[in-house]
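Commentary on secondary and tertiary structure
Letter by letter, the chains look like this.
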Amino acid sequence: MYVITFTPIREHYGIPFVPNSRYRISELNRAIHSTKVSQHTLGQAVDVEVKVVSNYDITIWISKNLQFDQLILENYTSGIPDSACVHYSYVKKKRQSHESINHRGQKTRL
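Residues numbered from 1 in each chain as written. Predicted model: local features only at pLDDT ≥ 70, side-chain atom pairs only at ≥ 80, totals over all residues. Heavy atoms only, no water.

**Remarks on the packing of aromatic side chains**
Stated formally: Only Phe, Tyr and Trp rings take part, Trp by its six-membered ring, and two of them pair if their centres are within 6.5 Å. Stacked means planes under 30 degrees apart, edge-to-face means over 60, and tilted covers everything else. Here, a charge over a ring is recorded when the distance from Lys NZ or Arg CZ to the ring centre is within 6 Å and its angle to the ring normal is within 35 degrees.
What the rule picks out here adds up to 3 aromatic pairs. In this structure, Arg10 is placed above the aromatic ring of Phe17, and the distance from its NZ or CZ to the ring centre is 5.1 Å.

Below, the structure written as structure tokens:
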């Protein structure tokens, strides 16, 4: 997951970053009210933010340059570059789900 996700993003933007969320144990996943089927508990998902790059731009770049199972721009507000979080997951058999979810849980395809 590290080489597939972090290395290409770091090389493209030339900026080091630390993911907001990676692997989560079940207890933590429950404590933060995440879904029972979260790919974070399987080590298949990360939440990414690169502080000086718009999360929307990161999402679009990932969608065009990396393989993914699920790519979600969560809680994005247009015009606010650091709003949202980019949820990225990878498994060998990918779904190619690409969507934006706002703070009310409403989904739109990107």
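**Examining helix H3 (residues 55-65)**
Residue pairs three or four apart in sequence face the same way in an α-helix, which turns once every 3.6 residues. The test is simple: Type-normalised accessible area, obtained with a 1.4 Å probe on protein chains alone, sets the label of each residue: buried when under 20%, exposed when over 50%, and partly exposed for intermediate values. For helices the rule is a DSSP run of H or I covering at least 4 residues; for strands it is a run of E covering at least 2, with both sets numbered from the N terminus onward. Within this analysis, the arc is defined by the directions that extend from the helix axis to the C-beta atoms. Side-chain atoms alone can form a polar contact between residues adjacent in sequence; in general such a contact is a pair of N or O atoms within 3.5 Å, and within protein one must be able to donate a hydrogen while the other accepts it.
If you check which residues of H3 are buried, you get Asn55, Ile58, Thr59, Trp61 and Ile62. In an axial view of H3, the angular spread of the buried residues amounts to 165 degrees, which keeps them on one side of the axis. With a side-chain oxygen positioned 3.2 Å from the backbone nitrogen of Tyr56, the residue opening H3 is Ser54.

**Focus: the environment of Val48**
Filter applied, for reference: Contacts were defined at the residue level, with two residues in contact if any of their heavy atoms lie within 4.5 Å.
With respect to the secondary-structure elements, Val48 resides in strand E1 (residues 45-48). In this structure Val48 comes out as buried when scored by relative accessible area, which is 0%. Taking the C-alpha atoms as reference, Val48 lies 5.9 Å from Asn20; in sequence the two are 28 residues apart. Sequence-distant contacts of Val48, defined by excluding residues within four places in its chain, comprise Ile9, Phe17, Asn55, Cys85 and Val86.

**Some details on the nonpolar core**
Going by this rule: What makes a nonpolar core is a set of buried Ala, Val, Leu, Ile, Met, Phe, Trp, Tyr and Cys residues whose side-chain atoms join them at distances within 4.5 Å.
The biggest cluster of nonpolar side chains holds 18 residues, and the ones touching the most others in it are Ile9, Val48, Val50, Ile62, Val86 and Tyr88. Elements with a minimum of two residues in this core: helix H1 (2-13), E1, H3, strand E2 (70-74) and strand E3 (85-89). When residues in this core are grouped by element, the largest group, 3 residues, is from H3. Ignoring any residue separated from it by four or fewer positions in sequence, one finds Val86 in contact with Val46, Asp47, Val48, Asn55, Ile58, Thr59, Ile62, Leu71, Ile72 and Leu73.

**A short note on the pairing of E3**
It is a general feature of regular strands that their side chains alternate between the two faces of the sheet. Rule in force here: Between any two strands, at least two bridges found by DSSP are needed for them to pair.
Most of E3 is tucked away: 5 of the 5 residues are buried. Pairing of E1 with E3, which is carried by 4 bridges, proceeds in the antiparallel orientation. Looking at E3, one finds that Asp47 is bridged to His87.

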